[in-house]
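What follows is the residue order along each chain.
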Amino acid sequence: MDPTDRFSNRSQGLRASEIRALFAVAARPGVVSLAGGMPAADALPSQVLARILGEVAAEPGALQYATGQGAPGLREMICTVMAEEGISADADDVVVTTGAQQALDLVTAVLADPGDVVLAESPAYVGALATFSAHGVHVRHVPDDGAGLSGPAVAEAVDRARRDGRRVAFLYTVPNFANPSGVTLDAARRAEVLATCDRIGLQIVEDNPYGLLRLEGEPLPALRAAHSGVVYLGSFSKILAPGLRVGWALAPAEVTAKLVLAAEAAMLCHSGLAQIAVARYLANEPWIDHVKALRELYWERRQTMLGALSTLMPRGTRWRVPEGGFFLWLALPDGVGAKAMLPRAIQEGVAYVPGTGFFADGSGDDHLRVSYSYPEPAAITIGVRRLARVVKEAAEPERNRRTPS
Ligand code: PMP
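Rules and cut-offs
Per chain, the residues get numbers from 1 upward, laid out in the order the sequence is written. Thresholds applied to this predicted model are a pLDDT of at least 70 for local features of residues and 80 or more for the giving and counting of side-chain atom pairs; totals over whole chains, interfaces and linings are not thresholded and use all residues. With hydrogens and water excluded, all non-hydrogen atoms of the structure serve as input to the side-chain values. Secondary structure counts use DSSP, requiring at least four H or I residues in a row for a helix and at least two E residues in a row for a strand, with both numbered from the N terminus. Per-residue accessibility, obtained with a 1.4 Å probe over protein chains only, is compared with the maximum for each type, and a residue is labelled buried under 20%, exposed over 50%, and partly exposed between these values. The contact criterion used is simple: two residues touch if any of their non-hydrogen atoms lie within 4.5 Å. UniProt positions are given in the numbering used here, feature names are shortened, and annotations may be inferred rather than shown by experiment. Here a strand pair is declared whenever DSSP counts at least two bridges between the two strands. Think of each axis as a best-fit line through the C-alpha atoms, taken over the contacting stretch in the case of a helix, with angles from 0 to 180 degrees between the N-to-C directions. Roughly parallel here means an angle under 35 degrees, roughly antiparallel means over 145, roughly perpendicular means 65 to 115, and every remaining angle is called oblique. Crossing chirality is assigned from the near helix's rotation relative to the far helix, an anticlockwise turn below a right angle marking it left-handed and a clockwise turn marking it right-handed. The criterion for a residue being near a molecule or strand is simple. One of its heavy atoms has to lie within 4 Å of it. Any pair of nitrogen or oxygen atoms within 3.5 Å is treated as a polar contact; in protein, a donor-acceptor pairing is required on top of that, and neighbouring residues in sequence qualify only through side-chain atoms on both sides. Only the protein chains shown count as cover for residues, and the accessible areas themselves come from Shrake-Rupley with a 1.4 Å probe. Put simply, Ala, Val, Leu, Ile, Met, Phe, Trp, Tyr, Cys and Pro go in the nonpolar bin, Asp, Glu, Lys and Arg in the charged bin, and everything else, Gly too, in the polar bin.

1. Description of the environment of Ala-308
- Counting through the fold element by element, Ala-308 comes out in helix 12 (residues 287-312).
- According to the relative accessible area criterion, Ala-308 is buried, its value standing at 6%.
- For the pair Ala-308 and Ile-382, spaced 74 residues apart in sequence, the C-alpha separation works out to 8.8 Å.
- Setting aside residues no more than four positions away along its own chain, Ala-308 makes contact with Met-313, Thr-381 and Val-384.

This is the structure we're talking about:
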């Protein structure tokens, strides 16, 4: 067989993620990784989950095939979790997925055709870009005016795509503490974007894995709380444990029906064991208290990182304070490229993600993403010190050559 015939056209869209490639390097001993967005080791309630998983495994049904839509008891509990975000939902409209990542994959399969356009923030979650690319969908980034999406910018992007003869499948957005920008859409912008999408007939897909991890300020209701037509994605990865791989989609009934069929075609069903364990955890453990403890833990780590950045970063490096979530998005001094600087940073013992991973067209080299979620506070300070040294060196190569130390 001609090797060029072997692969589907769609497989051209499968690309290695910059972050996955970085994981191996970042895991080297001595490297402080500010790259990945993993929960803190202390954030995983491993003892409690070990007990629950053991108990559940011994019960009838947990090790059998489950349903494509997900365990009814878990879907009920997911509705109570979403109530914390102001959402009132029916368990019949929830589909359990293998993390929010699979929810994104199924939603894309059900709503978008190859060649369609999906609108996304600037910058956008790298895993979503990978999914869209794998489905042959074109991403167009909606320009950010400093406060995230705006109604006029969304309308303009839709107009332009339609003028180009493209179908616009949906707007993908992470309104709370976005990955990687940390931006939160304020209440006025939420209302404006919802009204615009309603007016122009654009589906919204709201991805909200960090919503409950607000570290300061008043919680804002999810977009889905104000409009039942929004497709909403949630996850237990950040508030419980990513290794359980339990997430969900909440969608209008006709979309839910398609998502269930797509889930069954992809995998028959999700792990019954993981689903029942999560449902048991939510029903019997003080999960809200756990989330409160997580907010304290991440608040301390964010403060440590902000303090270190303010003291150590060279002039010209800029960032905004995220009100929650895991990430800080650094604008680099003029002329410094995040990608070219990375090998030097690894050499110095610190890893980050270059901004290029978060734009479909590979722009964004003037930014990088750092995460404070995983390293201990002491390691955060060491990591930022190393990063500051590397940025300084890249920003002032002449001066560094003249004054070696
Ligand atoms: N959406 C966003 C914005 C994320 O940051 C992540 C994880 N990094 C996901 C979705 C996927 O999460 P999971 O599949 O673990 O639920």
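2. Topic: the UniProt feature "domain: Aminotransferase class I/classII large" (unreviewed entry) in the protein chain
- Summarizing the sequence annotation, UniProt attributes the feature "domain: Aminotransferase class I/classII large" (unreviewed entry) to residues 32-386 in the numbering used throughout.
- Secondary structure over residues 32-386 splits into 43% helix and 13% strand, and the C-alpha atoms at its two ends are 9 Å apart.

3. Let's talk about the sheet that holds strand 4 (residues 138-141)
- One open sheet accounts for 7 strands, arranged 2-8-7-6-5-3-4; its pairing is mixed. The two strands at the open ends of the sheet, each matched to only one other strand, are strand 2 (94-97) and strand 4. When the angles between neighbouring strand axes are averaged without regard to direction, this sheet yields 25°.
- Relative to strand 5 (residues 168-173), strand 3 (residues 117-120) runs parallel, the two sharing 4 bridges. Looking at the pairing, Val-117 lines up with Val-168 of strand 5.
- Contacts from helix 4 (residues 72-83) reach strand 2, strand 7 (231-235) and strand 8 (247-250) within the one sheet, and its direction differs from that of strand 2 by about 105°.

4. Looking at unusual backbone geometry
- At the junction of Ser-122 and Pro-123, the peptide bond is cis and its omega measures out at -5° in the coordinates.
- Residue placement: Pro-123 occurs in the loop between strand 3 and helix 6 (126-134).
- Backbone torsion omega between Asn-179 and Pro-180 reads 15°, so that peptide bond is classified as cis.
- Mapped onto the secondary structure, Pro-180 falls in the loop between strand 5 and helix 8 (187-200).

5. Details of the packing of helix 12 against helix 14 (residues 377-395)
- Relative to each other, helix 12 and helix 14 sit at 30°, their axes nearing to 9 Å. In this view, helix 12 runs roughly parallel relative to helix 14, as classed from their interaxial angle. Considering only the axes of helix 12 and helix 14, their crossing is right-handed. Between helix 12 and helix 14, the residues in contact are Glu-300, Arg-301, Thr-304, Met-305, Ala-308, Leu-309 and Leu-312 and Pro-377, Ile-380, Thr-381, Val-384, Arg-385, Ala-388 and Lys-392, respectively.

6. Here we look at the site of the ligand
- Taken together, 13 residues surround the ligand, and among them Ala-100, Asp-207, Tyr-210, Ser-235 and Ser-237 come closest.
- In the model, an oxygen atom of the ligand is placed 2.8 Å from a nitrogen or oxygen of the Arg-245 side chain.
- Alone, the ligand offers 400 Å² of accessible surface; in the complex the protein occludes 91% of this.
- The leading source of residues in the shell around the ligand is helix 5 (residues 99-111), at 3 residues.
- For the shell around the ligand, the per-class residue count stands at 5 nonpolar, 5 polar and 3 charged.

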